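Tertiary structure, described
What follows is the residue order along each chain.
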Amino acid sequence: ISSRNKPVSYKRVAGEKTVVMELFTSQGCSSCPPADALLGEYAAARDNHIIALSFHVDYWNRLGWADPFSSSDYSARQQHYSEHFPQHSVYTPQLVVNGREEAVGNNRSAVKKIVQNELAEKQQENIVIEEVTIGKNSISFHYKAAGTHPGEVLNIALVQKQATTKIKAGENEGIAITNHNIVRSFITQSLNNDGMGLINLPPSFKPADYSLVVYVQNKKDLSINAAALKEL
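This one's a predicted model, so the numbers in the text were calculated from it and none came from an experiment. (Residues numbered from 1 in each chain as written. Predicted model: local features only at pLDDT ≥ 70, side-chain atom pairs only at ≥ 80, totals over all residues. Heavy atoms only, no water.)

Another aspect to go through is the nonpolar core. Grouped together as the largest cluster of nonpolar side chains are 21 residues, with contacts concentrated most on Leu-53, Phe-55, Tyr-81, Val-213 and Tyr-215. Residue assignment for this core shows that the elements contributing at least two residues are strand E1 (19-25), strand E2 (50-56), helix H2 (72-82), strand E7 (152-166), strand E10 (210-218) and strand E11 (224-231). Ignoring sequence-local partners within four residues, the contact set of Leu-53 consists of Val-20, Met-21, Glu-22, Leu-23, Leu-39, Val-159, Asn-181, Val-183, Val-213 and Tyr-215. The next biggest cluster of nonpolar side chains, apart from the first, holds 19 residues, and it includes Ile-127, Ile-129, Tyr-210 and Leu-212. (Core = buried A, V, L, I, M, F, W, Y, C linked by side-chain atoms within 4.5 Å. Buried < 20%, exposed > 50% of the residue type's maximum accessible area, 1.4 Å probe, protein only. Helix = DSSP H or I, 4+ residues; strand = E, 2+ residues; numbered from the N terminus. Contact = heavy atoms within 4.5 Å.)

As a further point, take the pattern of salt bridges. Two side chains carrying opposite charge are able to pair once their charged atoms lie near each other. Under the criterion given, the structure shown has five salt bridges. Among the salt bridges present, the one from Glu-231 reaches Arg-46, with a minimum N-O distance of 3.5 Å. One end of the pair, Glu-231, is in strand E11; the other, Arg-46, is in the loop between helix H1 (32-44) and E2, with 185 residues separating them in the sequence. By relative accessible area, Glu-231 is classed as partly exposed at 35%. (Salt bridge = Lys/Arg side-chain N within 4 Å of Asp/Glu carboxyl O.)

It is a probe the size of a water molecule, rolled over the atoms, that shows where empty space is left. The space that makes up the largest pocket amounts to roughly 460 Å³. Around the largest pocket sit 22 residues that line it, and Ala-43, Arg-46, Asn-181, Leu-229 and Glu-231 are the ones nearest its centre. Broken down by secondary-structure element, the contributors of at least two residues to the lining of the largest pocket are H1, E2, E7, strand E8 (176-190), E10 and E11. In terms of residue class, the lining of the largest pocket is built from eleven nonpolar, seven polar and four charged. (1 Å grid on protein atoms, 1.4 Å probe; cavity = no way out; pocket = protein on both sides within 12 Å on 5 of 7 lines; lining within 4 Å. Points joined across faces, edges and corners; volume = space filled by probe spheres on them. Nonpolar A, V, L, I, M, F, W, Y, C, P; charged D, E, K, R; others polar.)

As for its position among the elements, Val-153 is in strand E7. C-alpha of Val-153 to C-alpha of Ser-109: the two residues are 44 residues apart in sequence and 31 Å apart in space.

Of the positions making up H2, those classed as buried are Tyr-74, Ser-75, Arg-77, Gln-78, Tyr-81 and Ser-82. Summarising the axial view, the buried residues of H2 lie within an arc of 155°, below the 170-degree limit, and thus occupy one face. (Arc of directions from axis to C-beta.)

Here we have three strands laid out as an open sheet, ordered E5-E6-E9, and antiparallel in their pairing. With one partner strand each, in any of the chains shown, strand E5 (126-134) and strand E9 (194-200) form the two edges of the open sheet. Going from strand to strand, the sheet's axes swing by 25° on average, the running direction of each strand aside. Summarising the sheet, E5 and strand E6 (residues 138-146) pair through seven bridges and their orientation is antiparallel. Its bridge partner being in E6, Ile-129 is matched across the sheet by Tyr-143. (Pairing = 2+ DSSP bridges. Axes fitted to C-alpha atoms, helices over the stretch in contact; angles between N-to-C directions.)

The contact between H1 and helix H3 (residues 108-119) brings their axes to 11 Å, and the two run at 35°. In terms of crossing hand, the pair formed by H1 and H3 is right-handed. Mapping the contact onto sequence places Leu-38, Glu-41 and Tyr-42 in H1 and Arg-108, Val-111, Lys-112 and Val-115 in H3. Grouping the amino acids of the contact of H1 with H3 by side-chain chemistry returns four nonpolar, no polar and three charged. (Left-handed = near helix turned anticlockwise from the far one by under 90°.)

Before going further, it helps to spend a moment on empty space enclosed by the protein. One pass over the full model with this rule turns up one cavity of 30 Å³ or more. If you add up the space inside the largest cavity, you get close to 30 Å³. Forming the boundary of the largest cavity are Met-21, Leu-23, Ala-35, Leu-38, Leu-39, Tyr-42, Leu-95, Gly-105 and Val-111. Taken together, the elements giving at least two residues each to the lining of the largest cavity come down to E1 and H1. The dominant element in the lining of the largest cavity, judged by the number of residues it contributes, is H1, at four residues. Of the residues belonging to the lining of the largest cavity, the class tally is eight nonpolar, one polar and no charged.

Below you can see the structure in the form of structure tokens.
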């Protein structure tokens, strides 16, 4: 966290929502490290109402550096979001907050305003992660959801808390980038009020380095209406 910036902080309001921050980033993008660092501040705050996620896209890979965390699935997810925003824009670093608003991920003031507005909304839905079982190749878990609606799905993410990579080519050649809450495995499944989830483990998985994140999303307007994070 940069010593030049104040730690992120917010007014507390009754019934505030859980906010999911999805940063679409790439280690090959020279504008992305400040956004990665800002997302790290939100992650480091360890606020139960804010879940920060880093989705690494793959369309920068052809320009000199293949991001080891990138996936075409994450690029497709960003593209799907763009179809629901007025500018229909796809860029890095792009931050999507609760599936409703987007901003340049390194714009501190704009990001804070969007997050604060989402926190001020009343929580209408809820989800909790209960028993978690770590197997040889996957994680299974039991969850309970309340106040959900037809047309919503459950997103499941295995998130690596932090990793530092020395960049050897491309726009960021010669620097080390620290990424936070990196989505290493992701799946979408049907949602029930009382159900089970399953997600495959990424390579070199170590439970202490990961968190399990689940969030409820409307298939039509892509709004995110409930979320939970559990340390492994």
